Amino acid sequence: MTTPSCPCGLSEPYEKCCGRFHAGAASAPTAEALMRSRYSAFVRLDGGYLLRTWHPRTRPERLDLDRGMRWTGLEILGTSDGSAFHSAGTVTFRASYRGGSLHERSRFERVDGAWVYVDGEFLA
């Protein structure tokens, strides 16, 4: 029996990919890895992880995830900066769900060495 690949779209099993970030065993090393792990958290309804990886300056007090939402895929369209050598970066992506898609350019920054989501700009 094969282990399903991670919801983020990479071929690794969830436990070896985004699951280790969700469990707190590791931190996302790049802005793109954090973006992928946050997408997987939306798929898995892990609101705690989403709040923990949100910049304190822009983080909402609470997050209500729609249990009826069915995410169907993530496509990374571009990245700028966001590596181990940067303090900020952007990831442009398209997240598909049953009935449509979300196209966004997200901004990330490092806080105490860890990548966090700051905000996003919706794109047409």
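The chain carries the name UPF0225 protein GCM10023323_76150 in an unreviewed UniProt entry, which gives Streptomyces thinghirensis as its organism. Quoted verbatim from the Sequence similarities (unreviewed entry) heading of the UniProt record, the comment on the chain is "Belongs to the UPF0225 family."

By size, the foremost hydrophobic cluster in this structure holds 18 residues, and its most contacted members are Leu34, Met35, Leu74 and Phe108. The set of elements that each furnish at least two residues to this core consists of helix H2 (31-43), helix H3 (47-52), strand S2 (88-97) and strand S4 (114-122). The greatest single-element share of this core, amounting to 6 residues, is contributed by H2. When sequence neighbours within four positions are dropped, the list of residues in contact with Leu34 reads Ala28, Tyr49, Thr53, Phe108, Trp115, Val116 and Tyr117.

Bringing the packing of aromatic side chains into the picture now. A complete count under the given rule lists 5 aromatic pairs for this structure. Look at Phe108 and Tyr117: their rings are 5.8 Å apart centre to centre, the planes differ by 65°, and that puts the pair in the edge-to-face class. Site record: aromatic cluster; members linked through ring pairs are Tyr39, Phe42, Trp71 and Tyr97. Its guanidinium or amino end placed over the ring of Trp54, Arg38 lies 5.0 Å from that ring's centre, counting from NZ or CZ. Arg44 extends its terminal NZ or CZ atom over the ring of Tyr14, reaching a point 3.7 Å from the ring centre.

Once that is clear, we can look at the environment of Ser83. Assignment of secondary structure puts Ser83 in the loop between strand S1 (71-81) and S2. Those residues in contact with Ser83 that lie beyond four places of it in its chain are Pro29, Thr30, Arg110 and Trp115.

Now for the pattern of salt bridges. Scanning the model with the defined rule gives 6 salt bridges in all. A salt bridge links Arg94 to Glu75; the shortest N-O distance between them is 3.7 Å. Placement of the pair is Arg94 in strand S2 and Glu75 in strand S1, with a sequence separation of 19 residues. Taking the relative accessible area as the measure of exposure, Arg94 reaches 28% and is therefore partly exposed.

Turning next to the environment of Trp71. Note that Trp71 resides in strand S1. For the pair formed by Trp71 and Gly99, sequence separation is 28 residues and the distance between their alpha carbons is 9.6 Å. In this structure Trp71 touches Tyr39, Phe42, Val43, Ala95, Ser96, Tyr97 and Leu102, once residues within four positions along its chain are discounted.

Turning next to the sheet that holds strand S3 (residues 100-111). Strand order in the open sheet formed by 4 strands is S1-S2-S3-S4, and the pairing between neighbours is antiparallel. Looking at the sheet topology across the chains shown, the edges are occupied by S1 and S4. Mean inter-strand twist for the sheet, computed between neighbouring axes without regard to direction, equals 30°. Relative to S2, S1 runs antiparallel, the two sharing 9 bridges. Each bridged residue has a counterpart across the sheet, and for Asp81 the counterpart in S2 is Gly89. Against the sheet, H2 touches S1, S2, S3 and S4, its axis set at about 160° to S1.

Turning our eyes to something else, we now look at the side chain of Thr92. Within the secondary structure layout, Thr92 lies in strand S2. You can call Thr92 buried: its relative accessible area is 14%. Setting aside residues no more than four positions away along its own chain, Thr92 makes contact with Glu75, Ile76, Leu77, Gly78, His103, Glu104, Arg105 and Leu123.

Each value, and the rule that gives it
- Residues numbered from 1 in each chain as written.
- Predicted model: local features only at pLDDT ≥ 70, side-chain atom pairs only at ≥ 80, totals over all residues.
- Heavy atoms only, no water.
- UniProt positions renumbered as here; feature names shortened; annotations may be inferred.
- Core = buried A, V, L, I, M, F, W, Y, C linked by side-chain atoms within 4.5 Å.
- Buried < 20%, exposed > 50% of the residue type's maximum accessible area, 1.4 Å probe, protein only.
- Helix = DSSP H or I, 4+ residues; strand = E, 2+ residues; numbered from the N terminus.
- Contact = heavy atoms within 4.5 Å.
- Phe/Tyr/Trp six-rings, centres within 6.5 Å; stacked < 30°, edge-to-face > 60°.
- Lys NZ or Arg CZ within 6 Å of the ring centre and 35° of its normal.
- Salt bridge = Lys/Arg side-chain N within 4 Å of Asp/Glu carboxyl O.
- Pairing = 2+ DSSP bridges.
- Axes fitted to C-alpha atoms, helices over the stretch in contact; angles between N-to-C directions.

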